[in-house]
Amino acid sequence: ADAGAEGLRILALAAPTLPLSRVASAYFQAVGNKRSAFLLNIIIFPVLPGLAALLSGALGVTGVYWAFLPAYGIVALVSAAVLWRERKGHRLPVM
């Protein structure tokens, strides 16, 4: 029970970064840029398992929880960068 409670506390630290990628993806879908929306939705899939594998080796099961914090942070930074480029007029090609 303690590991689960600790895991939830760690996930709660990562939660504030999650909405940025969701909002950015919804924005790109709304303006017809499906490629950017798709990429922002799937970027977490290669990032999170890699970090979880790396951190679980060092920290055990708790490392898997800790992997969410940098993974969501990376996704939020990428989302912010893509939105910033869009705002500056450097759009990614629309599929």
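Heads up: the structure comes first, above all this text.
Residues numbered from 1 in each chain as written. Predicted model: local features only at pLDDT ≥ 70, side-chain atom pairs only at ≥ 80, totals over all residues. Heavy atoms only, no water.

(A) Geometry of the packing of aromatic side chains. Taken as a whole, this structure holds two aromatic pairs when the rule is applied. Measuring from ring centre to ring centre gives 5.1 Å for Tyr27 and Phe28, while their planes differ by 70°; the resulting arrangement is edge-to-face. Relative accessible area serves as the criterion here: at 34%, Tyr27 is assigned to the partly exposed category. Take Phe28: its relative accessible area is 1%, and that puts it in the buried class. For the pair Phe68 and Tyr72, a centre-to-centre distance of 5.6 Å together with 70° between the ring planes defines the contact as edge-to-face. A residue pair is termed a helical-turn pair when its members lie 3 or 4 positions apart in one helix, as Phe68 and Tyr72 do in helix α5 (residues 61-87) at four residues. According to the relative accessible area criterion, Tyr72 is buried, its value standing at 19%. (Phe/Tyr/Trp six-rings, centres within 6.5 Å; stacked < 30°, edge-to-face > 60°. Buried < 20%, exposed > 50% of the residue type's maximum accessible area, 1.4 Å probe, protein only. Helix = DSSP H or I, 4+ residues; strand = E, 2+ residues; numbered from the N terminus.)

(B) Just a nonpolar patch on the surface, in detail. Taken together, the side chains of Phe38, Leu39, Ile42 and Phe45 present a nonpolar region at the surface, about 390 Å² in accessible area. Along the polypeptide, Phe45 turns up in helix α4 (residues 44-59). Judged by relative accessible area, which is 56%, Phe45 ranks as exposed. (Patch = residues over 30% accessible without salt bridge, like charges linked within 9 Å, V, L, I, M, F, W, Y side chains within 5 Å. Areas by Shrake-Rupley, 256 points an atom, 1.4 Å probe, with all protein chains shown as cover. Salt bridge = Lys/Arg side-chain N within 4 Å of Asp/Glu carboxyl O.)

(C) How the structure looks around the nonpolar core. Residues Ala14, Ile44, Val47, Leu48, Leu51, Ala52, Ala67, Phe68, Ala71, Tyr72 and Val75 constitute the largest nonpolar core, which totals 11 residues. Taken together, the elements giving at least two residues each to this core come down to α4 and α5. Setting aside residues no more than four positions away along its own chain, Val47 makes contact with Ala71 and Ile74. If you look at the next biggest cluster of nonpolar residues, it comprises five residues, including Ala24, Phe28, Ala37 and Leu40. (Core = buried A, V, L, I, M, F, W, Y, C linked by side-chain atoms within 4.5 Å. Contact = heavy atoms within 4.5 Å.)

(D) Up close: helix α1 (residues 2-14). Between its first and last C-alpha atoms α1 spans 19 Å; for 13 residues at 1.5 Å apiece the expected length is 18 Å, and the two agree. Looking at α1, one finds that the buried residues are Gly7, Ile10 and Ala14. Buried residues along α1 cover an arc of 65° about the axis, so they all sit on one side. Relative to its buried face, α1 has exposed residues pointing more than 90 degrees away, namely Asp2, Leu8 and Arg9. Close packing links the buried residues of α1 with α2 (18-30) and α5. (Expected span 1.5 Å × (residues − 1). Arc of directions from axis to C-beta.)

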